[in-house]
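Coordinates in review
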Amino acid sequence: MRHVCVVACVLLAVLAVAAPAAAAPEGQLTWGVHISLAPTWFDPAETQGLITPFMVLYAVHDAMAKAMPGSTAAPSLAESWQVSPDGRVYDFTLRKGVKFHNGELLTSEDVKFSFDRYRGAAAKTLKDRVAAVETPDPLHVRFRLRNPWPDFMTFYTAASGAGWIVPKKYVDKVGDEGFKKAPIGAGPYKFVSFSPGVELVLEAFDGYWRKTPNVKRFVFKVIGDEATRLAALKRGEIDIVYSIRGELAEELQRSPGLVLKPTVIQAPQWVSMLDQWDPKSPWHDRRVRLAANLAIDRKAINEAITLGYSRLTYSIIPSTFDFYWQPPAYAFDPAQAKKLLAEAGYPNGFDAGEYYLDVAYANVQEAVANYLQQLGIKSKLRPVERASHWASYGDKKYKNLAYTASGAFGNAATRLETFVVAGGAYVYGSYPEIDTLFKDQAAELDRKKREALLHKIQQIMYEKTMFIPIWELAFINGHGPRVQESGLGLIPGHAYSAPYEDVKLKAK
C-alpha cells in the first residue's frame, strides 16, 4: 500500500493534533441567518448537493476529511489514509481517542454505519461503486471499490455527507427522526435546542479533538428579511449577518463599527429550463434557450445586487474546481434575442408558466424574470423556503423554470453528476452523448485524458445552451464590533463561518 497524501497529509495531521490546554470557552455569538433552518440539515445522512447543510455540519459533526483553511481535504477523524496500487482499496486510520458529545468513543463501526445509512446527494453513485466497507479493528476502516475510481475521495469527503460520522449506538437507540430532534456528533459544538423558524442554539464541546472552541454559546437566529437582519446587526442584537445585498450592503459598508465581508464562493447560480426535452415545449428549441441567455444583462444585475463582486463565468461549474472549462460569454443583446425568438416561431413571446425559486434569492430571480418579460417570455414567480424548494426539486415536482445553485465542495465531475447527467438528484432530462462521456471519464485514470472528456461535456452543454447561467455568487456578509474572527472566508470557497472552533470574540 502507498500513501495518497504523503507529505501533505502528514504535515496537516501534525498541524491538526490537539492543541495544548486552552482557556475555557466564553461568551455568546449570534448569527442573523437568511434562511429558515431545517432539521434535515442536522443529519449528515440527508445531505443535499448544496452548501447549506454544512452551515450546521461544521458545528455539530465532524468528517473523515473535510475542507479546512489551507486544504480541500484536511485529515480530521481519519488521521491518514492509504490507497492500493490498483486504486481499488482505501484504508483509513482513525484518530485515537475521539469522542462524540455523549462521551462514546469514535470507532470504525460508526464510520461503516454512517456510510451504510447515507441517502443524500451522490448516494447511488457511491454505493454502486463501493463493493464493501470493512472494519478490521476499531481504528481502521477499509473501502473496497468494484473498479478503480479516481473521484472516490472527492465524492466521499467533499461532494456528499457520507464521510460525516454519527454515533451508531445512539442513532440505533433514538431512530432517524429522534436523531434530527436531538443530534449528537463529534464536532466542536453540541446541540442545545431548536425552535423552527426562530433559532438554533449550540454550546461548545470542551472535548473536541482539534482544539477547545473560543466561544461558549452560538445562536443562529432566523431573520428572513434582509433589512431586518441589517437593523439587528446595527443594534448589536446579532454579531454576524448573512446575505446583505444592494443598497443595504452599501449601508452596512458605511456604518461605523460594522465590517462588510464579500466573498466569491464556489456557488454558481443559474436557471434550469426543465422542459427542454419535451418536443411540445418552447424550451425544446435551442434558439429559444439562446434568446433567453442573450436577453439578460448580467453585469447590471451584478452591480445592483452584489455591488459588482460576483464573478460572471457563464458556467454552472465553479471556476475554481478541477476540470473546469471556461465557456464563451453571452453578450447582452436584446435585438438578437428577439430575432432568435421570432425565428423559433414566437415573435410575440410565450407564457413560460411557473418559475420556482428559493425565496432567499427572490430579488435575483425577479431581475432575471423581468429581462425575460421584456423579451416576451412571461412567467409567474413561485418563491419557496429553501428546504422545501430543494425537496420538491429533487422529487421532480417542478416544471418550466427553476432557480438552481450549489455551493457544495467537489470538482466538475461531482457537479455534473448532480445537475447534468442522467440519474442526478436534480436532473429532469439528459443528452445521451453527455451521459456516455461521463461514464468514460469516471473510469479514466489518466488525468489529462479525463480532463479532455470533462471539458468536452462542458463544451456540449454550452453548444446545446442547456442552462441560463447567472453568475458565480459573491456572498455578501458582515459582522459587528464584538467579533475578532468571524470565520468568514477562512475556508476558500465556503459560504459560511468556519471552522467554528476558530471563531473568536474580542477581549472585553
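Our structure's up above, just so we're on the same page.
Residues numbered from 1 in each chain as written. Predicted model: local features only at pLDDT ≥ 70, side-chain atom pairs only at ≥ 80, totals over all residues. Heavy atoms only, no water.

1. What to know about the overall build of the chain
Across its full length, the chain carries 16 helices and 19 strands. What you see for the chain is a C-alpha radius of gyration of 23 Å, in line with the 23 Å of a compact globule of 508 residues. If you line up the chain on its principal axes, its C-alpha atoms span 70 × 60 × 40 Å. In the chain, which comprises 508 residues, the share counted as buried stands at 58%. In the chain, of all internal contacts separated by at least 6 residues, the share reaching a separation of at least 24 is 70%. In the structure as shown, the chain presents an accessible area of about 19700 Å², 52% of it carried by carbon and sulfur atoms. Between the centroid of the 60 positive side chains of the chain and the centroid of its 54 negative side chains there is a distance of 1 Å. (Helix = DSSP H or I, 4+ residues; strand = E, 2+ residues; numbered from the N terminus. Rg over C-alpha atoms; globule rule 2.2 N^0.38 Å. Buried < 20%, exposed > 50% of the residue type's maximum accessible area, 1.4 Å probe, protein only. Contact = heavy atoms within 4.5 Å. Areas by Shrake-Rupley, 256 points an atom, 1.4 Å probe, with all protein chains shown as cover. Lys, Arg positive; Asp, Glu negative; His and termini not counted. Charge placed at Lys NZ, Arg CZ, Asp CG, Glu CD.)

2. Remarks on the sheet that holds strand β16 (residues 401-405)
Taken in spatial order, the 10 strands line up as β9-β10-β11-β2-β12-β17-β13-β16-β14-β15 in an open sheet, and their pairing is mixed. Strands with a single pairing partner mark the edges of an open sheet, and in this sheet they are β9 (189-195) and β15 (377-384). The pairing of strand β13 (residues 259-273) with strand β17 (residues 467-479) spans 11 bridges and is classified as antiparallel. Bridging across to β17, V271 finds its partner in I468. Along the sheet, helix α13 (residues 386-394) contacts β13, β14 (350-358), β15 and β16; its crossing angle with β16, the most-contacted strand, is approximately 110°. (Pairing = 2+ DSSP bridges. Axes fitted to C-alpha atoms, helices over the stretch in contact; angles between N-to-C directions.)

3. Notes on the pattern of salt bridges
The tally for this structure, following the rule as stated, stands at 31 salt bridges. The partner of K234 in a salt bridge is E251, and the shortest N-O contact between them spans 2.6 Å. Of the two residues, K234 is situated in helix α7 (residues 226-235) and E251 in helix α8 (residues 246-254); the sequence distance between them amounts to 17 residues. K234 gets classed as partly exposed once you look at its relative accessible area, which sits at 44%. Counted as one network, the salt bridges with shared partners bring together D43, E46, R117, R119, D176, E177 and K180. (Salt bridge = Lys/Arg side-chain N within 4 Å of Asp/Glu carboxyl O.)

4. What about the pairing of β14?
Across 7 bridges, the pairing between β14 and β15 is parallel. From the neighbouring strand, Y356 faces β15, where its bridge partner is R382. Between the parallel pair β14 and β15, the chain is carried across by helix α12 (residues 362-375), and the sense of this crossover is right-handed. The pairing of β14 with β16 spans 2 bridges and is classified as parallel. Each residue of the ladder has a partner; that of Y355, found in β16, is L401. (Right-handed = clockwise from strand over helix to strand, strands pointing away.)

5. Some details on the layout of surface pockets
One number sums up the size of the second largest pocket: a volume of about 670 Å³. Taken together, 34 residues make up the lining of the second largest pocket; nearest its centre are T125, E417, G423, G424 and A425. Where the lining of the second largest pocket is concerned, the elements lending two or more residues are α4 (123-129), α13, α14 (412-419) and α15 (432-443). Class assignment of the residues belonging to the lining of the second largest pocket gives a composition of 14 nonpolar, 10 polar and 10 charged. (1 Å grid on protein atoms, 1.4 Å probe; cavity = no way out; pocket = protein on both sides within 12 Å on 5 of 7 lines; lining within 4 Å. Points joined across faces, edges and corners; volume = space filled by probe spheres on them. Nonpolar A, V, L, I, M, F, W, Y, C, P; charged D, E, K, R; others polar.)

6. As for the side chain of H389
Mapping H389 onto the fold places it in helix α13. In terms of polar contacts, H389 uses its side chain to reach the side chain of Y398, at 3.1 Å. Look past the residues within four positions of H389 in its chain and what remains in contact with it is Y356, L357, D358, V384, Y398 and Y403. (Polar contact = N/O pair within 3.5 Å; in protein donor to acceptor, adjacent residues only side chain to side chain.)

7. So, the nonpolar core
Counting 119 residues, the largest nonpolar core has Y58 and F218 as its most contacted members. It is α12 that contributes the most residues to this core, 8 residues altogether. Each residue touching Y58, except ones within four places of it in the same chain, is listed here: K66, A67, M68, W164, P188, F409, I491, H494, A498 and Y500. (Core = buried A, V, L, I, M, F, W, Y, C linked by side-chain atoms within 4.5 Å.)

Shape descriptors only; they carry no functional weight alone.
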